[in-house]
Amino acid sequence: MKLIIAIVNNEDSAVVSAALTREHFTVTKLSTTGGFLMVGNTTFLIGAQDEDVPRVKDIINRFSQTRTHTPSTTDSFGRGFSEGAMQTPVTVGGATVFVLNVDSMDKY
Ligand code: 2BA
């Protein structure tokens, strides 16, 4: 079994979640924040059988868009980049996906 951790743009999270659920995968969504841009994104936790990992990755890939984000002066505090880089466009996504081995999974 694998644990798939997928960091997805907030704007894609609903459609990614719906597509995974429709294919009978169970997902947990966490509200997260990127350390570089300091803007919200969504992290999915998906427990899946080894043979299903390619399907999960394909769904995430299909519904995650690449976007250009230009940080604005009204973005939240605590941004992780220098003042000089503030207006520089940054390419974000599609999705960042990690696949981890799972020793066991139990439900009590
Ligand atoms: P952020 O950390 O806010 O990063 C947003 C985008 O800024 C990144 O897009 C990348 O294009 C750029 N970026 C990030 N760190 C940078 C740096 N040190 N120098 C220059 N540019 C940088 P993505 O790569 O698509 O990442 C989107 C989000 O996925 C990230 O948001 C972060 O929340 C997560 N992520 C990406 N790679 C990760 C990793 N290796 N470990 C943990 N989280 C990761």
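Provided above is the structure to which this section pertains.
Okay, so let's go over this structure. Here the structure is a predicted model, which means the values were calculated and not measured.

## Some remarks on the overall build of the chain
And then number 1: On a plain count of helices and strands, the chain comes out with two helices and six strands.
And then number 2: Counting the 108 residues in the chain, one finds 30% classified as buried.
And then number 3: For the chain, contacts bridging at least 24 residues in sequence account for 68% of all contacts bridging at least 6.
And then number 4: Approximately 6900 Å² of the chain is accessible, and the part contributed by carbon and sulfur atoms is 52%.

## Some thoughts on the pattern of salt bridges
And then number 1: Under the counting rule described, the total for this entry stands at five salt bridges.
And then number 2: Where arginine 67 meets aspartate 12, a salt bridge forms, and the shortest distance between an N and an O atom there is 2.8 Å. Here arginine 67 is found in strand 4 (residues 67-69), whereas its partner aspartate 12 is found in helix 1 (residues 10-22), with 55 residues between them in sequence.
And then number 3: According to the relative accessible area criterion, arginine 67 is partly exposed, its value standing at 21%.
And then number 4: Taking relative accessible area as the criterion, aspartate 12 reaches 3% and is therefore assigned buried.

What counts and what doesn't
- Residues numbered from 1 in each chain as written.
- Predicted model: local features only at pLDDT ≥ 70, side-chain atom pairs only at ≥ 80, totals over all residues.
- Heavy atoms only, no water.
- Helix = DSSP H or I, 4+ residues; strand = E, 2+ residues; numbered from the N terminus.
- Buried < 20%, exposed > 50% of the residue type's maximum accessible area, 1.4 Å probe, protein only.
- Contact = heavy atoms within 4.5 Å.
- Areas by Shrake-Rupley, 256 points an atom, 1.4 Å probe, with all protein chains shown as cover.
- Salt bridge = Lys/Arg side-chain N within 4 Å of Asp/Glu carboxyl O.

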